[in-house]
Amino acid sequence: MKTRTALEQDSEDIRNIYLSAFPESEREIVAKLAVNLLSEETGSPIISLLAEYDKKIVGHIAFSPVTINTDKDWKGYILAPLAVKPEYQNQRVGSELINHGIKELSEKGVNTLFVYGDPEYYSRFGFDTETATPYLAPYDLQYPSGWQALVLNEFNIETEPMKISCVDSLCKPDMW
Ligand SMILES: CC(C)(COP(=O)(O)OP(=O)(O)OC[C@H]1O[C@@H](n2cnc3c(N)ncnc32)[C@H](O)[C@@H]1OP(=O)(O)O)[C@@H](O)C(=O)NCCC(=O)NCCS
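Residues numbered from 1 in each chain as written. Predicted model: local features only at pLDDT ≥ 70, side-chain atom pairs only at ≥ 80, totals over all residues. Heavy atoms only, no water.

(A) How the structure looks around the overall build of the chain. Broken down by element type, the chain carries five helices and eight strands. Taken from N to C terminus, the helices and strands of the chain fall in the order β-α-α-β-β-β-α-β-α-α-β-β-β. Along the three orthogonal principal directions, the C-alpha set of the chain runs to about 50 × 35 × 30 Å. Sorting the 176 residues of the chain into buried and exposed places 45% on the buried side. For the chain, long-range pairs separated by at least 24 residues make up 70% of all intrachain contacts whose partners lie at least 6 apart in sequence. Total accessible area on the chain is roughly 9500 Å²; 45% of this is exposed by carbon and sulfur atoms. Taking the average location of the 16 positive side-chain charges in the chain and that of its 27 negative ones, the two points are 7 Å from each other. (Helix = DSSP H or I, 4+ residues; strand = E, 2+ residues; numbered from the N terminus. Buried < 20%, exposed > 50% of the residue type's maximum accessible area, 1.4 Å probe, protein only. Contact = heavy atoms within 4.5 Å. Areas by Shrake-Rupley, 256 points an atom, 1.4 Å probe, with all protein chains shown as cover. Lys, Arg positive; Asp, Glu negative; His and termini not counted. Charge placed at Lys NZ, Arg CZ, Asp CG, Glu CD.)

(B) Here's a closer look at the pattern of salt bridges. Applying the stated criterion across every chain yields a total of five salt bridges. When the shortest N-O distance is used, the salt bridge between R4 and D10 registers 2.9 Å. With its nearest N and O atoms 3.1 Å apart, the salt bridge here joins K103 to E107. Here E107 and K103 lie together in helix α3 (residues 93-107), a separation of four residues that amounts to about one turn. A relative accessible area of 53% means that K103 is categorised as exposed. (Salt bridge = Lys/Arg side-chain N within 4 Å of Asp/Glu carboxyl O.)

(C) Up close: the site of the ligand. Every one of the 18 residues lining the ligand counts as a neighbour, but V84, N90, R92, G94 and S95 are closest to it. The separation between a nitrogen atom of the ligand and a polar main-chain atom of L82 is 2.9 Å. Every element with two or more residues in the shell around the ligand is listed here: β4 (76-84), α3 and α4 (119-122). Its residues placed into classes, the shell around the ligand shows eight nonpolar, six polar and four charged. (Near = heavy atom within 4 Å. Polar contact = N/O pair within 3.5 Å; in protein donor to acceptor, adjacent residues only side chain to side chain. Nonpolar A, V, L, I, M, F, W, Y, C, P; charged D, E, K, R; others polar.)

(D) Seen up close, the nonpolar core. Counting residues in each nonpolar core, the largest one holds 24 residues, and the members touching the most others are F63, L79, L113 and F127. Those elements that place two or more of their residues in this core are β2 (47-53), β3 (56-68), β4, α3 and β5 (112-116). Tallying contributions element by element places α3 first for this core, with five residues. The contact partners of F63, leaving out residues within four places of it in the chain, are P45, I46, I47, L49, Y77, I78, L79, L97, I98, G101, L105 and L113. (Core = buried A, V, L, I, M, F, W, Y, C linked by side-chain atoms within 4.5 Å.)

(E) How the structure looks around the environment of E41. Along the chain, the position of E41 falls in the loop between α2 (24-36) and β2. Separated by 85 residues in sequence, E41 and G126 place their C-alpha atoms 29 Å apart.

(F) Inspection of unusual backbone geometry at higher detail. Here the bond from A80 into P81 is cis, since omega is -5°, no more than 30 degrees from zero. By secondary structure assignment, the location of P81 is in strand β4. Its identity as a non-glycine residue notwithstanding, N90 has a phi of 60°, on the positive side. The topology assignment puts N90 in the loop between β4 and α3.

(G) Summary view of the packing of helix α1 (residues 11-21) against α2. Contact pair α1 / α2: the axes reach a minimum separation of 8 Å and the direction vectors enclose 150°. Accordingly, the angle class assigned to the pair α1 and α2 is roughly antiparallel. Crossing geometry of α1 relative to α2 is assigned as right-handed. Here α1 contributes S11, I14, R15, Y18 and L19 to the contact with α2, which in turn contributes R27, E28, V30, A31, A34 and V35. (Axes fitted to C-alpha atoms, helices over the stretch in contact; angles between N-to-C directions. Parallel < 35°, antiparallel > 145°, perpendicular 65-115°, else oblique. Left-handed = near helix turned anticlockwise from the far one by under 90°.)

(H) The environment of D10, seen in detail. Checked against the element boundaries, D10 lands in the loop between β1 (2-5) and α1. Sequence separation between D10 and Y143 is 133 residues, and the spatial gap between their C-alpha atoms is 31 Å. The contact partners of D10, leaving out residues within four places of it in the chain, are R4, T5, L50 and I57. At 2.9 Å, the side chain of D10 forms a polar contact with the side chain of R4.

Encoded structure:
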């Protein structure tokens, strides 16, 4: 499997991954998020990665920057969205995309990486709800136990709770 940066011309393939992997009630919203993140202009760059297998695009992941209201020097990112084509699931594609992103963000000096997803899956990579607790998600969460974080580089913040702000594509209440 090969991992490479996603480009705007990959939009249709990326959209199709999400349409095939997510349940009907969520697929359009998540596909739109993945495609919108390809072109959104942000201070710190969005990382959008594709997994290729035999030259076919089989998985996608994106990481976008988040900020907090209390400390400008702290660097945060959020993992969203992630999907692997159903016929390629359970073959470590998702794990490789997550680990690739974690390595890249750690090397960039990012302090904390967030995710809003299934703790059973994300706990494998070290995410937990306790680490996320001092950080308030941008909207009220439908599944508060899905709000998790992973420390990549330690940073001491004196004040809490801290309100998270995210990029425009993610700043929509129906995504939370
Ligand atoms: C979740 C997803 C990205 C995982 O990708 P993947 O390439 O299949 O995952 P991996 O092969 O790296 O890991 C597979 C392992 O994770 C487990 N797993 C997969 N989805 C899981 C979930 N939602 N909860 C708990 N465990 C899960 C599998 O049972 C498997 O376990 P094993 O290693 O003990 O056999 C993929 O299943 C997917 O696209 N699902 C639909 C979309 C989705 O839910 N995206 C995540 C949104 S938060």
